[in-house]
Amino acid sequence: AVVSTQSTGELGPGKGTLMRDVMDTVGIIGPAFFGKAPKLSASLIEISEQFIAEQERLLCGNIMKRVTPEQIFENANYLTRTGLHKARFKWYSMLEHVPTDRPALYLMNEFLDALPVNQFQKTEEKGWVEVMVDVEKDCDRLFYTTYKTGRSIKIDQYKELAELPVGAQIEHSPAADEIVASVAQRIVQSGGAALIIDYGEDQVSTELTFRAFKDHQQVNPLEDLGLCDLTADVNFKNLKRAVAGIEGAKAHGPITQSNFLTLMGIGERFRQLYSKVPPEKQDSIIHAHNFLCSPEEMGDRFKVMCITRDSDPIPFCFESS
């Protein structure tokens, strides 16, 4: 059965650009698909005051009143507005606060890469040890060190890592696994699907990827604390394992962003835009297409994974994954 209500949830919506595009697309094609204008609703999981303001302005046209940190963390649903295509937008600080009373599409676009990671290194004497951060009290300087921890002892027990050589390094994000498992559980309970778009690999990496950027330059993560963007590659193999742990859920992919966008018709969209813009803007359309799809840019670096109920049909684009 097709319902005339479209519920979308986005974790880490950034400036709200993707949510705006989703609402525009569903708002435009919805009447033809549903036979009438769908009732749109969206849940945005966000805790940044700056991003909340930018999202509200883009999705609702203005800012009614800036929310405070107290409002964000003391209220499950701290902001509700009506905006684009008469959609009802609701802001939450945690996924757990979002209702599960209807099927929903969960979006995670460059969200999981910003979550904390644990780092481990294989040594000859101690086996796996955890990479930690310590401080030189005399000069108040941070530095990396290693310790044998409870988490590293668990790593020793993974058979798939036993053959890795001394000096190998791995990362694991328990937070990413927990969030993806929670989303999978919601899909099993209420229906819907999840789409994860991020950079990473579908295999065990033996190199550390945690890094920091400031002013578009890679910098030392232990300096300029609070002023840098921190990121680490997403391990899609671990995400699939997390989904497999939820009975009734199934992970599809990942496939490359290039394959996903090509199958979704980016070529036709490119031709439409290219033919409509003035000549002086055509180069920018070409650049944008190449940036998204070229293997040398984001095309292969970014992966796309989908989560559904295991009883649902295999989603389009993922039949051969």
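Residues numbered from 1 in each chain as written. Predicted model: local features only at pLDDT ≥ 70, side-chain atom pairs only at ≥ 80, totals over all residues. Heavy atoms only, no water.

1. Digging into the state of the cysteines
Under the convention used in this document: When two cysteine sulfur atoms lie within 2.5 Å, the pair is treated as a disulfide. Relative accessibility thresholds used throughout: buried, under 20% of the residue-type maximum; exposed, over 50%; partly exposed, between the two (1.4 Å probe, protein chains only).
Tallied over the full model, the rule gives zero disulfides. With no disulfide partner, Cys-293 has as its closest neighbouring cysteine sulfur the one in Cys-317, 12 Å distant. With relative accessibility at 9%, the residue Cys-293 sits in the buried group.

2. Things to note about the side chain of Asp-177
This is how it is decided: Secondary structure elements are defined from DSSP: runs of H or I of at least 4 residues count as helices, runs of E of at least 2 residues count as strands, and each element is numbered from the N terminus. For the charge count, each Lys or Arg is scored as positive and each Asp or Glu as negative, with His and the chain ends excluded. Salt bridges are counted wherever a side-chain nitrogen of Lys or Arg sits within 4 Å of a carboxyl oxygen of Asp or Glu. Should any heavy atoms of two residues lie within 4.5 Å, those residues are counted as being in contact.
Locating Asp-177 in the fold gives a position in helix H5 (residues 174-190). Buried within the structure, Asp-177 lacks any salt-bridge partner; Arg-241 is the closest side chain of opposite charge, at an N-O distance of 6.2 Å. Not counting residues up to four positions away in its chain, the partners in contact with Asp-177 are His-172, Asn-238, Leu-239 and Ala-242.

3. Here we look at helix H1 (residues 17-34)
Stated precisely, the cut-off is as follows: Helices are assigned an expected span. That span is 1.5 Å times one less than the residue count. Note that bend, as reported per residue, equals the angle between axes fitted to the 7 residues terminating at that residue and the 7 residues originating from it.
Given a rise of 1.5 Å per residue, 18 residues ought to cover 26 Å, and the 24 Å separating the end C-alpha atoms of H1 matches this to within 8%. When the local axis directions of H1 are compared, the greatest deviation, roughly 35 degrees, occurs at Ile-28, which is followed within four positions by the proline Pro-31. Residues Met-19, Val-22, Met-23, Val-26, Gly-27 and Gly-30 constitute the buried set of H1. Directly after H1, the chain includes Gly-35, whose backbone phi takes a positive value near 90 degrees.

4. So, unusual backbone geometry
Following Gly-253, the chain continues into Pro-254 via a peptide bond in cis, with omega recorded as 10 degrees. Tracing the backbone through its elements, the reader meets Pro-254 in strand S15 (residues 249-256). A positive phi angle is found at Glu-110, which is not glycine, with a value near 50 degrees.

5. Considerations on the nonpolar core
Heads up, the condition is: Within this scheme, the nonpolar core is defined by two criteria: the residues are buried Ala, Val, Leu, Ile, Met, Phe, Trp, Tyr or Cys, and they are joined through side-chain atoms within 4.5 Å.
Within the largest apolar cluster, 32 residues are counted, with the highest numbers of intra-cluster contacts made by Met-23, Phe-89, Trp-91, Leu-195, Phe-260 and Phe-318. For this core, the elements supplying multiple residues, two or more each, are H1, strand S2 (39-45), helix H2 (49-60), strand S3 (77-82), strand S4 (88-92), strand S10 (192-201), helix H7 (257-263) and strand S16 (302-309). Considering every element that reaches this core, the biggest residue donor is H1, with four residues. Among residues more than four places away in sequence, those in contact with Trp-91 are Leu-44, Glu-46, Ile-52, Gln-55, Glu-56, Cys-60, Ala-76, Asn-77, Tyr-78, Leu-79 and Arg-81. Residues Leu-112, Leu-115, Ala-194 and Ala-242 belong to the second largest nonpolar core, which totals 28 residues.

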